[in-house]
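Structure at a glance
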Amino acid sequence: VTPSQYLYDKKTGELNLGHNKLSLNLNLLMELVNYGMKIEKHYGDFQDIEWAVKDNKLYILQARPITT
């Protein structure tokens, strides 16, 4: 399975959905973007963020520095 990939440009605020079928609704996707930026700011560097969705609610499971 090839995972979906969405790109968010922090400078322009543009979300690029590419050719992916939208697997998350746009509200959850933007909530994930906002959490990602807050987590990155908190740790001061890029993070690999593990998350899940249940009953249309987003859960952040863990974050760790990107090592590759």
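Residues numbered from 1 in each chain as written. Predicted model: local features only at pLDDT ≥ 70, side-chain atom pairs only at ≥ 80, totals over all residues. Heavy atoms only, no water.

**Brief notes about the overall build of the protein**
Of regular secondary structure, the protein possesses one helix and four strands. When its helices and strands are written in sequence order, the protein yields β-β-α-β-β. By principal-axis analysis of the C-alpha atoms, the protein measures approximately 30 × 30 × 25 Å. Within the protein, residue pairs in contact and separated by at least 24 positions form 21% of the contacts whose partners lie at least 6 positions apart. Surface accessibility of the protein: about 5800 Å² in total, with carbon and sulfur atoms responsible for 52%. (Helix = DSSP H or I, 4+ residues; strand = E, 2+ residues; numbered from the N terminus. Contact = heavy atoms within 4.5 Å. Areas by Shrake-Rupley, 256 points an atom, 1.4 Å probe, with all protein chains shown as cover.)

**With respect to the nonpolar core**
By size, the foremost hydrophobic cluster in this structure holds six residues: Tyr6, Leu24, Leu28, Leu29, Leu32 and Leu58. With three residues, the single largest contributor to this core is helix α1 (residues 26-43). (Core = buried A, V, L, I, M, F, W, Y, C linked by side-chain atoms within 4.5 Å. Buried < 20%, exposed > 50% of the residue type's maximum accessible area, 1.4 Å probe, protein only.)

**Some points on the packing of aromatic side chains**
Scanning all chains against the criterion turns up zero aromatic pairs. Against the face of Tyr35 rests Lys38, its NZ or CZ located 6.0 Å from the ring centre. When the ring centre of Tyr59 is taken as reference, the NZ or CZ atom of Lys57 above it lies at 5.5 Å. (Phe/Tyr/Trp six-rings, centres within 6.5 Å; stacked < 30°, edge-to-face > 60°. Lys NZ or Arg CZ within 6 Å of the ring centre and 35° of its normal.)

**What to know about the pairing of strand β4 (residues 57-65)**
Across eight bridges, strand β3 (residues 47-54) lies against β4 in antiparallel orientation. When the bridges of β4 are listed, Lys54 appears paired with Lys57. Counted between consecutive antiparallel strands, the loop separating β3 from β4 contains two residues, among which Asp55 sits at a positive phi close to 50°. (Pairing = 2+ DSSP bridges.)

**Things to note about unusual backbone geometry**
Most peptide bonds take the trans configuration, and most residues that are not glycine carry a negative phi. Residues other than glycine seldom take positive phi values, yet Asp55 does so here, at roughly 50°. Its place among the elements puts Asp55 in the loop between β3 and β4. By relative accessible area, which is 70% here, Asp55 ends up exposed. Even without a glycine there, the phi angle at Asn56 is positive, about 65°. Given the relative accessible area of 55%, Asn56 is considered exposed.

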